[in-house]
Amino acid sequence: MMIEYDVCVIGAGPAGLSAALQLKDCSVCMIEREEKPGGILKQCIHDGFGLIKFNAEMTGPEYSQRYIDELMTTDIKVYMKTFVSNINYICEKNIQIELINPEQGMFQIKVKSIIFATGCRERTAKQVFIHGERPAGILTAGSAQYFVNVSGYLPCRKCVILGSGDIGLIMARRLTLEGAEVLGVYEIKDSSSGLQRNIAQCLEDFNIPLHLSETVIKTHGDDRLTGVTVAKVDSEFNVIKGTEKYLECDGLILSVGLIPENELTKEMGIQIDSHTKGPIVDQNMMTSLKGVFACGNQVHVNDLVDYVSKSGEIAAKACMEYIKGNDYEKEDIRIKFDDSEFLYIVPQVINRQNENMNVTFFFRSSRKLRDAYVKIEINDKEIVNKSYIALNPPELQVIDIALGTLSQHDNIKFKINQR
Amino acid sequence: MIKELQSKLKKSVHQGIECEEKRKHIVLEGVVDSYDEIIRAGYLAARDEYKGVVNRLKVDGLEDKSIRIPTLSDHQFKDDPCDVLVIGGGIIGCAIIRWLSKYNLDILLVDKESDIAMHQSSRNDGMVHPGFAPKPGSNKAVYNVKGNQMFEKMAGDLEVPFKRVGTYMLFEHYYYALIKELFFRRAEHNNMGTIEFLFKDEILKREPFVTDKVKCGIYMPTTAVCPPYEMTVALAENAVLNGARVSLETYVYKMQKDKDKIMKVYTNRGEIIPKVVINCAGLSADFIAELADDRFFTIHPRKGQIAILDKNKADRLDCVLSIIDLKTMKSRTKGGGLVKTVEGNIVVGPSAYEQPYKEDYSTTKEDMDELLEKNLSYIKGLSRSDVITYTAGNRAATYKEDFIIEKSDYVSNLIHIAGIQSPGYASSPAIAEKACEYALEILKEKMKITDNERYDPHRKSIPRLDKFPKDMRSDMIMKNRDYGHIICRCEHISKGEIIDAIHSPIPAVTLDAIKRRTRGGMGRCQGGFCTPLIMEIIKEETDLKMEEISKKGKQSHILYQSTRVKAGRNDD
Ligand SMILES: Cc1cc2nc3c(=O)[nH]c(=O)nc-3n(C[C@H](O)[C@H](O)[C@H](O)COP(=O)(O)OP(=O)(O)OC[C@H]3O[C@@H](n4cnc5c(N)ncnc54)[C@H](O)[C@@H]3O)c2cc1C
Ligand SMILES: Cc1cc2nc3c(=O)[nH]c(=O)nc-3n(C[C@H](O)[C@H](O)[C@H](O)COP(=O)(O)OP(=O)(O)OC[C@H]3O[C@@H](n4cnc5c(N)ncnc54)[C@H](O)[C@@H]3O)c2cc1C
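Residues numbered from 1 in each chain as written. Chains lettered and ligands numbered in written order. Predicted model: local features only at pLDDT ≥ 70, side-chain atom pairs only at ≥ 80, totals over all residues. Heavy atoms only, no water.

1. A look at the domain arrangement of chain B
Residues and elements named next belong to chain B.
Now for step 1: Here the domain parsing of chain B yields domain 1 (2-59), domain 2 (68-162 + 222-299 + 398-461), domain 3 (163-220 + 300-393) and domain 4 (465-570).
Now for step 2: On the domain 4 side, the residues contacting the 19 residues of domain 2 number 13 residues.
Now for step 3: Between domain 2 and domain 4 lies a buried interface of about 1400 Å² when both sides are counted; carbon and sulfur atoms form 58% of it.
Now for step 4: Ranking the residues of domain 2 by area buried against domain 4 places Arg68, Asp115 and Tyr229 at the top, with a combined share of 33%.
Now for step 5: At the surface where domain 2 touches domain 4, the tally comes to two salt bridges.
Now for step 6: The closest approach of N and O atoms between Arg516 and Asp115, which form a salt bridge, is 3.0 Å.
Now for step 7: At the boundary of domain 2 with domain 4, the tally comes to five residue pairs in polar contact (both at pLDDT 80 or more).
Now for step 8: If you tally residues by element for the side of domain 2 that touches domain 4, the top one is helix α7 (residues 228-241), at seven residues.
Now for step 9: Of the residues belonging to the side of domain 2 that touches domain 4, the class tally is 12 nonpolar, three polar and four charged. (Domains from an automatic or database assignment. Contact = heavy atoms within 4.5 Å. Buried area = accessible area lost by both parts, 1.4 Å probe. Salt bridge = Lys/Arg side-chain N within 4 Å of Asp/Glu carboxyl O. Polar contact = N/O pair within 3.5 Å; in protein donor to acceptor, adjacent residues only side chain to side chain. Helix = DSSP H or I, 4+ residues; strand = E, 2+ residues; numbered from the N terminus. Nonpolar A, V, L, I, M, F, W, Y, C, P; charged D, E, K, R; others polar.)

2. Things to note about the site of ligand 1
Residue and element names in this part refer to chain A.
Now for step 1: Looking at ligand 1, there are 35 residues lining it, with Ala15, Glu32, Ile40, His46 and Asn297 nearest.
Now for step 2: In the environment of ligand 1, a nitrogen atom lies 3.2 Å from a nitrogen or oxygen atom belonging to the side chain of Arg33.
Now for step 3: About the coverage of ligand 1: the protein hides 95% of its 980 Å² of free accessible area.
Now for step 4: Looking at the shell around ligand 1, the elements that each hand over two or more residues are α1 (14-22), β9 (120-122), α3 (141-151), α4 (166-177) and α7 (305-324).
Now for step 5: Its residues assigned to classes, the shell around ligand 1 shows 18 nonpolar, 12 polar and five charged.
Now for step 6: Residue contributions to the shell around ligand 1 reach at least three from each of two domains, namely domain 1 (1-122 + 259-327) and domain 2 (124-256). (Near = heavy atom within 4 Å. Areas by Shrake-Rupley, 256 points an atom, 1.4 Å probe, with all protein chains shown as cover.)

3. Some thoughts on unusual backbone geometry
With glycine set apart, most residues show a phi of negative sign, and most peptide bonds adopt trans.
Now for step 1: Geometrically, the link from A:Val346 to A:Pro347 is a cis peptide bond, its omega value of 0° lying close to zero.
Now for step 2: Within the secondary structure, A:Pro347 is located in the loop between β21 (342-346) and β22 (349-351).
Now for step 3: B:Pro350 follows B:Gly349 through a cis peptide bond whose omega is 0°.
Now for step 4: Among the structural elements, B:Pro350 can be located in the loop between β21 (346-348) and β22 (353-354).
Now for step 5: Of note, the phi angle at A:Asn379 is positive, near 45°, even though the residue is not glycine.
Now for step 6: When its relative accessible area of 40% is taken as the criterion, A:Asn379 is described as partly exposed. (Buried < 20%, exposed > 50% of the residue type's maximum accessible area, 1.4 Å probe, protein only.)

4. Overview of the state of the cysteines
Now for step 1: Throughout the structure, instances matching the rule amount to zero disulfides over all chains.
Now for step 2: Cysteine A:Cys159 is unpaired, with the sulfur of A:Cys156 as its nearest cysteine sulfur at 4.0 Å. (Disulfide = S-S within 2.5 Å.)

5. A look at the sheet that holds strand β8 (residues 127-128) of chain B
Residue and element names in this part refer to chain B.
Now for step 1: On the basis of which strands lie adjacent, the open sheet formed by three strands has the order β8-β13-β9 and antiparallel pairing. Bordering the open sheet on either side are β8 and β9 (163-164), each of which pairs with just one other strand.
Now for step 2: In this structure, β9 lies alongside strand β13 (residues 224-225), joined through two bridges in antiparallel fashion. Bridged to Arg164 within β13 is Ala224. (Pairing = 2+ DSSP bridges.)

Now the structure itself:
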């Protein structure tokens, strides 16, 4: 016999938790493959979470604990240590999910709707084509964070950090505080990909140098890493001959990007955005499959958890409407933009049949700009014109607007102009 | 003759080369200007009249990199006798001990590493070649075709996944149609059964993603794929269950002889007194031959880099593609192709180039870029971003470029299985059978040989729950809850499977060893999420501390000290 629920939330990180808690008047289950809820926040013991949402500086675990405590008071069925092995979208409001866990073995549940909140994963050394030998001591910043903060062990004593993503910056500080030496952060691009706040608080305060337009070109060591070769690169990322330098170290920590965990959505045939690598969603966080929603880092990699929680709430609200039968046809209008101006814009589409036309847009500019305007045009008519002192790809921007009724052939376009 | 060779070497390679005829082989000595000259001289000296080339040429200033030697030192062996000592735990050594375990013999295999299959045998494409490439009449041709025929049964008995997928040898020009008879004749010479010539439209019917540059090709149905590390482990486990012994981190560095006989073999873990020694030390087989004072060949490592693509591109290919043109057909440094493994990953490569270091497995941007650019263009929809990992291996090539499978001419109780480069994996069962035959011939003069009544050719693999029918999988989880706890999310490997590997006949206690047995950590995230979890399991199941758990033994530990216990303070 198949157990039935109205909604299944997959992933118990901040996105999934906030979505699940918003779901009222329907039966909800949550699936999490790890032993505890909280997602990646479990290992983020630094503060800086909840600034927008709770107007407080909290650590990752403190932030998620608020939600977990609330979860305990609800009758949401939580399946922990549970792995999704297959999802079968039979038809609208009939989705069968195959699960595995130690208690029940293999079992199936039947739901009307799914909210994906599966977070993201890190790009690996191989995905950025680091060459040389492959000894122990080369690891992603997230793994290093887990070892230091959860397992309680130092993964290196003297290290180089490749990539200036936020987790790398935070780990530079964390490792220094734990007594390891951080030789420097090497970033192949000519600007950092982490938040300015993190550069100040994690590098500058600890005198850790940030080397821009420099990268690791070779790793050395048979058993354990003994060193890396770094070199400067030109604007095409080609190594500049003669700038190679050998650095002795026993750790190489990579912070070279995060990718939405899109395995399951891909398998279901949900459309994926080549910019975000996550599913294409509408203003309600509904994916290209009716009744399947996505939120949090699974859609695009956020830099603030507060936005993650917000996206969970949006998905949950729309999901409740969907369950209630306030149904609407899928009629999506694609948001247009130029790759040279934006890295991505979420939501990627607007469903014009839906009542909710209050849209929160998230975007990142594709390069660093000063004194810029972001314009939204519908059929060449400007409806938003917002000015920014600075736009920077690492800083996610938000625009809330109320779009009026749209017709089928309307053309929505985002533009950036510089003063 | 030697005079003529000498002058040729001096003239066309380097003035500083001296060559000498010793026993039945050639020895080269002197100092040259580059590594390339060493290699060229080696090949020039490799003539039919001689058994082999010992190349002792040196280049000034060329860094000397040693091979991996265990740091461990103990007295596990105290003049321990054994009937057969097998040196080298690659596919060849492990297949040999499995074959020998049919008989009532005291069999000991030693390998210098913390696990078996750490060199060539886990660094290859896992392709069971059809036997087309080797020169007709060569050892390679004979053993390859025979090995291919024996492989399926071996894989079945040992529960290692095996799939006969066939090879398409692709050509970019129609004119290859004119010479198809040459290919047919080669297939006939090598006894490899029927092969087909196909034009593009026919190929496209079977492999729809082949790109437009392909015009025609040859199809060879007998090619198979089978994971090489799993096979090596399976053979060794089966041998151990049948009574053979395996000693790891055991490095052979000296032999004591009495006249033409090896009396004693020295290792870092003590001395062994074997009746027969089988040298299958891969890249170091020349060193082992030297220890027995019977070196007649030099192994020069030929590197091959390999890239592995994400399983989500599994639908693109269902076979092996080998890419050939007339220019590269005869060259030793050709390379390339695409192999779809049983697990659904596409393996790209290997490349092939000479370099001086036997155990240097570093990869380079130049070679990898070239490899990907060349090979990915034969299949639509493959790109660099599909690469999840890459690696390199070194082929144990001799200058004669053929397998050495023989009883020593000068040492009465030594067997050489050397120069086992590609298609060494494909040939392994046939080679093992022959090596076993030679060993028995020598042993028969010293002892009575009887069958091993305990011998069972079957071996149970660690269950791959992912591949089981649902109800069976559920039943297994109900019996062992750990099978329901997924640890490696990319490959869907459970805690139970990892525990099984830790307690298997050749216990896996390093991350790489667990990977070779379960695939845990082999997926697209490359162990990013599961490494800490697997380490926790190793800690729970063994007496290792977190700081002692390593990637591949020796000094390859993952962690340093705990951040929670401060020095000088007791943790209570
Ligand atoms: C390694 C790492 C470190 C980070 N560090 C910081 C930081 O220091 N500061 C910061 O501001 N932001 C950090 N971030 C960004 C952070 O991801 C977000 O702020 C936020 O945690 C994202 O929330 P989420 O719920 O979308 O995803 P997550 O927190 O990743 O939660 C997703 C949950 O889904 C579960 N899950 C995934 N797939 C499945 C499945 N198939 N079945 C069942 N369960 C599944 C996962 O186990 C996880 O618990 C980090 C991200 C990563 C990847
Ligand atoms: C890139 C590449 C791709 C290939 N692809 C294929 C393919 O698709 N199909 C195919 O058929 N073949 C292929 N091959 C060839 C195949 O891998 C080899 O022929 C085969 O693995 C050789 O096995 P082996 O047991 O002889 O050597 P190895 O696996 O190298 O084993 C030798 C062992 O000896 C041990 N050893 C060495 N010295 C000592 C010592 N002094 N004391 C103790 N132990 C010692 C080493 O530690 C090692 O484990 C490929 C090879 C390479 C490099």
